[in-house]
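So the chains spell out like this:
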Amino acid sequence: MSQTILYGGTFNPIHKGHLEICVYAREAVDADRVLLMPAALPPHKFAGWLAPDQDRLAMCRLAVRDLELLQVSEYEIGRGGHSYTVDTLRELTVREPEERFWLLIGTDMFLTFTQWKDWQKIGRMASLLVASREEGDREQLRACQKALEKEGVASRLLENAPLPMSSTEIRRELRETGTSNKVLPQVLDYLQERGLYLHDPEELPYLREYIRPLMTDYRYRHSLGVEKQAACMAEQYGADVHKASLAGILHDVCKDMPKGPLLQNILESGIINGIDFAACPQLIHSYAGALYLQSHMEIHDPEVIDAVRYHTTARAGMSLLETIIYLADLTSEDREYGDVGVMRRLCQEDLRGAMIHTLTHTVGELSKRGKPICPDTREACKEYGVEIPTVNGGAI
Ligand code: DGI
Ligand code: FE
Ligand code: FE
């Protein structure tokens, strides 16, 4: 029977330690291949800086280039959003019903295996292959192995020498020194070329390069325009120019990403403010953007996060920064609608007037098109004294 070892992770970035454990595990069970499965987004909350999915995938491919029995699957990244191991394994076993699967995990994961989603089902589809990360307590591992065995989950403990290598430390080394001998040379070339891991996460020139491949040329030009306009307004009104630039360049970071996975992340976050996202798909990108900044980009400043989250709908009680981003989005140099000149002038002279002008226009358009108006937009209208037009005798 042919055997496959499944090895999932964020690979952020993939390093020599990952590859050594793959090679060791493959030899230990004489498997026919090891399948590396970069995750789109880890199911548990990620704290750190996560390189874009396509970059992590590309680095994995470069890393296994000369290793014959190692392959990279883009299945989870292709699906986007969270993928649970049980779902991935189900897909793999359906595709290859004759294959025997091993799941390669570390001891920390092994000891908490019963917290995984549908862990018994995982145990029916694969045996666990446990690699030590550090000198662990063998007794404890054996006890865990026995307990799982009783529940029908087979496992094998590898005797590998633990490797003192972690992606977190490698990221720190890269940021501090610009290089690391713990990643393969071709991976190092790639990440240096893309500037991954090398910068302070809030450095603007780097962020401009970061977002470029994530969006269309049109959206990219718009983002640069909003950054510029937001910085300009922040200067004029005494807001934090750096925060305004940051929120401006990143406000539409999720705009061109597939909506399904983004929506999944939003629903899991629980921050939905009464919005029916299925009925208002245009609102997905701002809520998803606020999450993306935190889960992928190590940006946690609540003011910046809220400015991104409310840039489409507005809300009652907006901060100065939120107001600036909301208005800069509509008055950046790439905007060309009819009365953009009026809006630009209002932005310079009268922020309140600008809010009233744009809210009036937005709810007018939405009502005309029979689109729902979300609770936050309604509250913002109430605050600014903007009336929501009624259609057929009632507000939509
Ligand atoms: O992302 P941008 O195109 O730069 O601009 P944006 O984030 O302001 O998105 C504008 C879209 O959002 C526009 O089509 C109007 C829509 N929108 C704003 N508020 C609401 C809304 N759509 C619905 N359904 N409900 C709202 O309250
Ligand atoms: Fe937007
Ligand atoms: Fe925008």
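Let me begin by describing the structure that accompanies this report. (Residues numbered from 1 in each chain as written. Chains lettered and ligands numbered in written order. Predicted model: local features only at pLDDT ≥ 70, side-chain atom pairs only at ≥ 80, totals over all residues. Heavy atoms only, no water.)

## Quick word on the coordination of the iron ion (ligand 3)
Let me state the cut-off plainly: Coordinating N, O and S atoms are those within 2.8 Å of the metal (3.2 Å for Na, K and Ca), and as water is not part of the atoms, a site may appear to have fewer donors than expected. The way it works is that DSSP assigns letters per residue, a run of H or I at least four long becomes a helix, a run of E at least two long becomes a strand, and they are numbered from the N terminus.
For the iron ion (ligand 3), the full set of protein donor atoms is His 222 (NE2), His 251 (NE2), Asp 252 (OD) and Asp 329 (OD), and the range of their distances to it is 2.1 to 2.3 Å. Motif for the iron ion (ligand 3), donor spacing along one chain: H-x28-H-D-x76-D. Separating the iron ion (ligand 3) from the iron ion (ligand 2) is a distance of 3.4 Å, and Asp 252 supplies a donor atom to each of them. One end of the pair, Asp 252, is in the loop between α12 (241–250) and α13 (259–269); the other, Asp 329, is in helix α16 (residues 320–331), and 77 residues separate them in sequence.

## Re the sheet that holds strand β2 (residues 33–38)
Our working definition: Following DSSP output, two strands are said to pair if at least two bridges run between them. Here, axes are lines fitted to C-alpha atoms. For helices the fit covers the stretch in contact, and angles between N-to-C directions go from 0 to 180 degrees.
Taken in spatial order, the six strands line up as β3-β2-β1-β4-β5-β6 in an open sheet, and their pairing is parallel. Only two strands of the sheet have a single partner each, and these edge strands are β3 (70–72) and β6 (155–157). On average, adjacent strands in this sheet sit at an angle of 25 degrees to one another, irrespective of strand direction. Here strand β4 (residues 100–106) runs beside strand β5 (residues 126–131); their pairing, made up of six bridges, is parallel. Each bridged residue has a counterpart across the sheet, and for Phe 101 the counterpart in β5 is Ala 126.

## Structural notes on the site of ligand 1
Which entries qualify depends on this criterion: Whether a residue is near a molecule or strand is decided by its heavy atoms; if any one of them lies within 4 Å of it, the residue is near. Within 3.5 Å is the distance limit for a polar contact, defined as a pair of N or O atoms, with the added protein rule that one can donate a hydrogen and the other accept it, and that residues adjacent in sequence qualify only through two side-chain atoms. Where accessible areas are quoted, they stem from the Shrake-Rupley method and a 1.4 Å probe; at the residue level, only the protein chains shown are allowed to cover. Gly is put with the polar residues, along with every residue not named as nonpolar or charged; the nonpolar set is Ala, Val, Leu, Ile, Met, Phe, Trp, Tyr, Cys and Pro, and the charged set is Asp, Glu, Lys and Arg.
Around ligand 1 sit 17 residues in total, of which Lys 255, His 311, Thr 312, Arg 335 and Pro 372 are the nearest. At a separation of 3.0 Å, an oxygen atom of ligand 1 approaches a polar side-chain atom of His 311. In this structure, an oxygen atom belonging to ligand 1 sits 3.0 Å away from a side-chain N or O atom of Thr 377. Its free accessible area being 590 Å², ligand 1 has 85% of it covered by the protein chains. Classifying every residue of the shell around ligand 1 by side-chain character gives six nonpolar, six polar and five charged.

## Thoughts on the pairing of strand β1 (residues 3–9)
Defined as follows: Burial classification: accessible surface area is computed with a 1.4 Å probe over protein chains only, and a residue below 20% of its type maximum counts as buried, one above 50% as exposed, and the rest as partly exposed. Here is how to tell: hold the view so the strands point away, follow the path from the first strand over the helix to the second, and if it runs clockwise the crossover is right-handed.
With five of its seven residues buried, β1 lies for the most part within the structure. Pairing of β1 with β4 involves four bridges; the strand directions are parallel. If you follow Gln 3 over to β4, its bridge partner there is Arg 100. Sheet topology note: the β1/β2 ladder contains six bridges and is parallel. Looking across to β2, one finds that Leu 6 is bridged to Leu 35. Following the chain from β1 across helix α1 (residues 16–29) to the adjacent parallel β2, one finds a crossover that is right-handed.

## Thoughts on the packing of aromatic side chains
Convention followed: Only the six-membered ring of Trp is used, alongside the rings of Phe and Tyr, when aromatic pairs are assigned; centres must lie within 6.5 Å, and planes under 30 degrees apart are stacked while those over 60 apart are edge-to-face, with the rest tilted.
Applying the stated rule across the entire model yields nine aromatic pairs. Judged by centre distance (6.2 Å) and plane angle (75 degrees), the rings of Tyr 287 and Tyr 310 are edge-to-face. Remark: Tyr 310 occurs in the loop between α15 (302–309) and α16 and Tyr 287 occurs in helix α14 (residues 284–296); sequence separation between them is 23 residues. You can call Tyr 310 buried: its relative accessible area is 6%. An aromatic cluster of three or more residues is present, and its members are Trp 49, Tyr 197, Tyr 206 and Tyr 210.

## Thoughts on the pattern of salt bridges
The criterion, for reference: For this analysis, a salt bridge means a side-chain nitrogen from Lys or Arg found within 4 Å of a carboxyl oxygen belonging to Asp or Glu.
Across all of its chains, the model carries 25 salt bridges by this definition. The partner of Asp 87 in a salt bridge is Arg 90, with the nearest N and O atoms 3.3 Å apart. Note that Asp 87 and Arg 90 are positioned in helix α4 (residues 85–95) at a spacing of three residues, about one turn of the helix. The buried category is assigned to Asp 87, whose relative accessible area is 18%. Look at Arg 90 and you get partly exposed, because its relative accessible area is 36%. A salt bridge links Asp 252 to Arg 219, with the shortest nitrogen-to-oxygen separation between them at 2.8 Å.

## So, the environment of Met 297
Quick note on the threshold: Contact definition: two residues touch when any of their heavy atoms are within 4.5 Å.
With respect to the helices, strands and loops of the structure, Met 297 is situated in the loop between α14 and α15. Linking Met 297 and Leu 207, residues 90 residues apart in sequence, is a C-alpha distance of 9.6 Å. Filtering out sequence-adjacent residues up to four positions away, Met 297 remains in contact with Trp 49, Pro 201, Leu 207, Tyr 210, Leu 250 and Tyr 292.

## Description of the packing of α16 against helix α18 (residues 351–368)
Selection criterion: Working definition: roughly parallel below 35 degrees, roughly antiparallel above 145 degrees, roughly perpendicular at 65 to 115 degrees, and oblique for all remaining angles. Note on convention: near helix rotated counterclockwise from far helix by under a right angle means a left-handed crossing. Clockwise means right-handed.
The interhelical angle for the contact between α16 and α18, taken along N-to-C directions, is 55 degrees, at an axis separation of 11 Å. It follows that α16 is oblique to α18 by the angle criterion. The two elements α16 and α18 meet at a crossing, and its hand is left-handed. Contact with α16, carried on its side by Leu 320, Thr 323, Tyr 326, Leu 327 and Leu 330, involves Leu 351, Ala 354, Met 355, Thr 358, Leu 359 and Thr 362 of α18 and no other residues of that element. By residue class, the composition of the contact of α16 with α18 is eight nonpolar, three polar and no charged.

## Notes on the packing of helix α11 (residues 217–237) against α12
In contact at an axis separation of 7 Å, α11 and α12 are set at 160 degrees when each is read in the N-to-C sense. On the basis of the axis angle, α11 is roughly antiparallel to α12. Classified by chirality, the crossing of α12 by α11 is right-handed. Between α11, through Ser 223, Leu 224, Val 226, Glu 227, Ala 230, Ala 231, Ala 234 and Glu 235, and α12, the contact on the second element is made entirely by Val 241, Ala 244, Ser 245, Gly 248 and Ile 249.

Interpretation note: all reported values are geometric properties and have no functional meaning in isolation.
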